[in-house]
Amino acid sequence: MYKEVEFLEFIIKNIVNNKEDVIIERQEDELWVLLTLRVNKDDMWLIIWKNWNTINSLRSILKVLGLKLNKRINLKVLD
């Protein structure tokens, strides 16, 4: 498994209540790595809590991880 997927999965599964419903898909092209996150609808409020603060913080951390891995990582959340 890819480091960025493992990292995101670890964080998300420690935030949400329905850990078995966490799905992370990874797509890569020559410019970006796109991580698509799906969680249970009951857990969505934990991800977008207070004006998307949680998800924006995760995006910032993934950008730092991307710098270390020489990749541009973007995170998309599906409901």
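Here, every reference points to the structure presented above.
Residues numbered from 1 in each chain as written. Predicted model: local features only at pLDDT ≥ 70, side-chain atom pairs only at ≥ 80, totals over all residues. Heavy atoms only, no water.

1. Topic: the pairing of strand E1 (residues 23-28)
Thinking step 1. Across six bridges, the pairing between E1 and strand E2 (residues 33-38) is antiparallel. If you follow Arg26 over to E2, its bridge partner there is Leu35.
Thinking step 2. The hairpin formed by E1 and E2 contains four residues between the paired strands. (Pairing = 2+ DSSP bridges. Helix = DSSP H or I, 4+ residues; strand = E, 2+ residues; numbered from the N terminus.)

2. Topic: helix H1 (residues 3-13)
Thinking step 1. For H1, the complete set of buried residues consists of Glu4, Val5, Leu8, Ile11 and Ile12. Angularly, the buried residues of H1 cover 135° about the axis, an arc narrow enough to put them on a single face. Set apart from the buried face of H1 by more than 90 degrees, the exposed residues are Lys3 and Phe10. (Buried < 20%, exposed > 50% of the residue type's maximum accessible area, 1.4 Å probe, protein only. Arc of directions from axis to C-beta.)

3. Some details on the sheet that holds E2
Thinking step 1. The sheet built from three strands is open, its strands ordered E1-E2-E3 with mixed pairing. The outermost strands of the open sheet, each flanked by one partner alone, are E1 and strand E3 (73-78). For this sheet, the mean angle separating the axes of adjacent strands, direction not counted, is 20°. (Axes fitted to C-alpha atoms, helices over the stretch in contact; angles between N-to-C directions.)

4. Comments concerning the nonpolar core
Thinking step 1. Leu8, Ile12, Leu35, Leu37, Val39, Ile47 and Leu75 are the most contacted members of the largest nonpolar core, which totals 20 residues.
Thinking step 2. For this core, the secondary structure elements donating two or more residues are H1, E2, helix H2 (44-47), helix H3 (49-69) and E3.
Thinking step 3. Ignoring sequence-local partners within four residues, the contact set of Leu35 consists of Glu4, Val5, Leu8, Glu25, Arg26, Leu62, Ile73, Asn74, Leu75 and Lys76. (Core = buried A, V, L, I, M, F, W, Y, C linked by side-chain atoms within 4.5 Å. Contact = heavy atoms within 4.5 Å.)

5. Some words on the side chain of Thr36
Thinking step 1. Along the chain, the position of Thr36 falls in strand E2.
Thinking step 2. Leaving out residues up to four positions away in the same chain, Thr36 has contacts with Ile23, Ile24, Glu25, Lys76 and Leu78.

6. A word on the pattern of salt bridges
Thinking step 1. All told, the structure shown has five salt bridges when counted by the stated rule.
Thinking step 2. Its salt-bridge partner being Arg26, residue Glu28 comes within 2.7 Å of it at the nearest N-O pair.
Thinking step 3. On the basis of relative accessible area, Glu28 is assigned to the partly exposed category, the value being 49%. (Salt bridge = Lys/Arg side-chain N within 4 Å of Asp/Glu carboxyl O.)

7. A few points about the side chain of Glu4
Thinking step 1. Mapped onto the secondary structure, Glu4 falls in helix H1.
Thinking step 2. The buried category is assigned to Glu4, whose relative accessible area is 0%.
Thinking step 3. Of the polar contacts made by the side chain of Glu4, one reaches the side chain of Arg26; its length is 2.7 Å. (Polar contact = N/O pair within 3.5 Å; in protein donor to acceptor, adjacent residues only side chain to side chain.)

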